[in-house]
Amino acid sequence: GMALKALGPRRIRGLADALDAVDEPLPLQILVEVAGTIGEKPLIYRLKSVIERVAPRPEAAGTSRFDTMQRVRAKAHFELARIGSRVAIQDLQSILADSARRIPLEAFAAVEQIGKKDEIPLLLRAYLREDPFTRGRIAVVVRAILKRERIRRNSVSLRSLPPELRRALESILARSARRAAAGRRAR
């Protein structure tokens, strides 16, 4: 990975070809990270095809809750999100909606960068099924989207959430309010 990063933008074509050809999770993950480090937009947009290629197929049902290619896929989403691209948002939404697999933290980082109000219900559903550590990460992402998109607590889109998602949102916002109050008392 370090050697590839040292090659720089002049070697984009070879790296792009490798992104299309490599099927092993660890080498592909390194190639995705290198593409992100180089930062050339044509190369980063090539990651959309990587995402499509490694996305699980319905016939692969019954696989483990943690799929190694899932992490590669999430890292590719993160690199696209770093440049503000939503070209693969439907796939990112499918990662959030997939209750059969663990959601890699890189997927949350991507949603934090480019998420909009459409992703909030998916995040809240994930919040209900994940472990406490991941719930904390989801809470950060939801608050970031609400702030960036200027969505108020009493907005129509949030008031129309199903009751269980509304309770999850209230839990996230209450935790945020408690943290803010503790910070004011500490001053």
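The coordinates are above.
Quick summary incoming for the structure in this document.

Per the stated rule, a full pass over the model turns up 17 salt bridges. Ionic pairing is found between Arg53 and Asp23, a salt bridge with its closest N-O pair at 2.5 Å. With Arg53 in helix α5 (residues 47–54) and Asp23 in the loop between α2 (12–21) and α3 (25–38), the pair connects residues that are 30 residues apart, well separated along the chain. Take Arg53: its relative accessible area is 28%, and that puts it in the partly exposed class. With its nearest N and O atoms 3.5 Å apart, the salt bridge here joins Glu119 to Arg86.

Here the focus is empty space enclosed by the protein. Considering all chains together, one arrives at 1 cavity of 30 Å³ or more under this definition. Approximately 30 Å³ is the volume found for the largest cavity. Surrounding the largest cavity, His77, Leu80, Ala81, Ser85, Ala88, Ile89, Leu92, Ala110 and Ile114 form its lining. Counting only elements with at least two residues in the lining of the largest cavity, the list comes to α6 (68–82), α7 (89–97) and α8 (105–114).

Right, let's talk about the environment of Ala16 for a bit. Along the chain, Ala16 turns up in helix α2. The class of Ala16 is buried, set by a relative accessible area of 5%. Each C-alpha atom of the pair Ala16 and Ile44 lies 9.1 Å from the other, and the pair is 28 residues apart in sequence.

Turning our eyes to something else, we now look at α6. Three or four residues apart is the spacing at which side chains of an α-helix point the same way, because the helix has 3.6 residues per turn. Helix length check: α6 (15 residues) gives 22 Å between terminal C-alpha atoms against 21 Å at 1.5 Å per residue, within 8%. Counting buried positions over the 15 residues of α6 gives 11, a clear majority of the element. Listed as buried for α6 are Met69, Gln70, Val72, Arg73, Ala74, Lys75, Ala76, His77, Glu79, Leu80 and Ala81. At its buried positions, α6 is contacted by α3, α4 (41–45), α5, α7 and α8. Positive phi shows up at Gly84, right after α6, with a value of about 80°.

With respect to the helices and strands, the residue Ala74 is situated in helix α6. According to the relative accessible area criterion, Ala74 is buried, its value standing at 0%. Along the chain, Ala74 and Asp91 lie 17 residues apart, while their C-alpha atoms are 9.7 Å from each other. Excluding anything up to four places from it in sequence, Ala74 contacts Pro104, Glu106 and Ala107.

Thresholds, definitions, all that
- Residues numbered from 1 in each chain as written.
- Predicted model: local features only at pLDDT ≥ 70, side-chain atom pairs only at ≥ 80, totals over all residues.
- Heavy atoms only, no water.
- Salt bridge = Lys/Arg side-chain N within 4 Å of Asp/Glu carboxyl O.
- Helix = DSSP H or I, 4+ residues; strand = E, 2+ residues; numbered from the N terminus.
- Buried < 20%, exposed > 50% of the residue type's maximum accessible area, 1.4 Å probe, protein only.
- 1 Å grid on protein atoms, 1.4 Å probe; cavity = no way out; pocket = protein on both sides within 12 Å on 5 of 7 lines; lining within 4 Å.
- Points joined across faces, edges and corners; volume = space filled by probe spheres on them.
- Expected span 1.5 Å × (residues − 1).
- Contact = heavy atoms within 4.5 Å.

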